[in-house]
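# Working through the structure, step by step
As a plain string of letters, each chain reads:
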Amino acid sequence: MSIWHQRWDENRIGFHRSLANPALTEHWSKLQLDTSSHVLVPLCGKTLDMHWLSQQGHRISGVEFVEKAVIQFFEDWAKIPNQVSVNNGEKFTAENINIYQADFFKIEPDDAPFSAWYDRAALVALPPSLRTLYVEQLLALTTADAKGLMVTFDYPKEEMKGPPFALSDHDVEHFFGPSFEIERLQFTDLTEEEDRELSRCSLSVFMLTKR
Ligand SMILES: C[S@@+](CC[C@H](N)C(=O)[O-])C[C@H]1O[C@@H](n2cnc3c(N)ncnc32)[C@H](O)[C@@H]1O
């Protein structure tokens with residue numbers, strides 16, 4: 001059982017928020033997307049950010065491998081989703097939101113490629129050894145002109161064992177620089193606010209444009 005299945009089993013889902021993420025609502029319009037853009041949400045959990053994105057007119061496809069998270073998303077929304085099997089997963093759909101219950105690294109979504117993506121607590125949830133694969137999968141699942149909004153977290157790596165795993169500016173440049181234009185939209189120092197034993201920590205929001 002993965003640490004994530006265990007966390008969902010034990011309801012240790014402190015990452016889940018009861019409102020749409022302020023980084024999303026503040027910065028999403030800067031991507032200047034058509035409302036027809038189809039948005040991929042990797043490692044989506046049961047985030048309400050998918051509702052916010054769908055209210056902007058987008059079609060959404062989340063990917064989450066814990067069944068409980070997917071079921072709770074639709075239960076909380078009071079919808080009974082349509083369910084079909086796809087390659088390497090199950091696809092649940094209600095209105096314009098699909099959630100693939102699947103491993104992000106194995107899923108073959110039947111509605112790819114996506115023209116945009118939103119990553120909050122996705123890349124930083126993965127161990128650093130999976131970062132190259134994550135970026136490769138993003139590249140494979142998105143259109144040539146795709147844009148993404150990514151919310152990251154950084155702290156001195158030696159001070160905490162993730163998740164969340166620290167993602168430094170250098171990491172962002174290393175993993176995304178070769179294939180994306182990178183623009184930082186926000187930097188917030190959270191050292192005083194975060195209830196963790198960290199000598200510094202910060203949140204950043206990046207706009208990534210495929211080139
Ligand atoms: C930190 S949570 C963030 C969830 C969501 N993005 C949010 O903001 O609430 C990371 C989620 O990724 C899921 N996850 C981790 N590895 C995964 C993988 N390889 N494929 C699909 N989901 C995965 C976990 O079950 C967990 O729900």
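Our subject is the structure that appears above.
Quick look at the structure, then. Remember, it's a predicted structure, so these values are computed and weren't measured experimentally. (Residues numbered from 1 in each chain as written. Predicted model: local features only at pLDDT ≥ 70, side-chain atom pairs only at ≥ 80, totals over all residues. Heavy atoms only, no water.)

## What about helix α4 (residues 67-76)?
For clarity, the threshold we go by: Only protein chains enter the accessibility calculation, which uses a 1.4 Å probe; a residue is then buried when its area is under 20% of its type maximum, exposed when over 50%, and partly exposed in between. Segments assigned H or I by DSSP are reported as helices when at least four residues long, segments assigned E as strands when at least two residues long, and all are numbered from the N terminus. Residue contacts follow a heavy-atom distance rule, with two residues in contact if any of their heavy atoms lie within 4.5 Å.
Taken together, the buried positions of α4 are A69, V70, Q72, F73 and F74. Packed against the buried residues of α4 are α1 (3-9), α3 (49-55), β2 (59-64), β4 (89-94) and β5 (97-101).

## Regarding the side chain of T209
Inspection of the secondary structure puts T209 in strand β9 (residues 202-210). Among the residues examined, T209 registers a relative accessible area of 19% and is labelled buried. Apart from the residues lying within four places of it in its own chain, the contact partners of T209 are A146, K147, S179, F180 and E181.

## Brief notes about the environment of Q55
Along the chain, Q55 turns up in helix α3. Its relative accessible area of 62% is what places Q55 among the exposed residues. Sequence spacing of Q55 and F114 is 59 residues, and the spatial spacing of their C-alpha atoms is 18 Å.

## A few points about helix α5 (residues 131-141)
Basically, it comes down to this: Relevant arc is that of directions from the helix axis to the C-beta atoms, nothing else.
Along α5, the positions that sit buried rather than exposed are R131, Y134, V135, Q137, L138 and L141. Projected down its long axis, α5 carries its buried residues within an arc of 160 degrees, all on one side. Looking at the packing, one finds that the buried side of α5 touches β1 (38-41), β6 (114-120), β7 (142-154), α6 (169-176), β8 (180-189) and β9.

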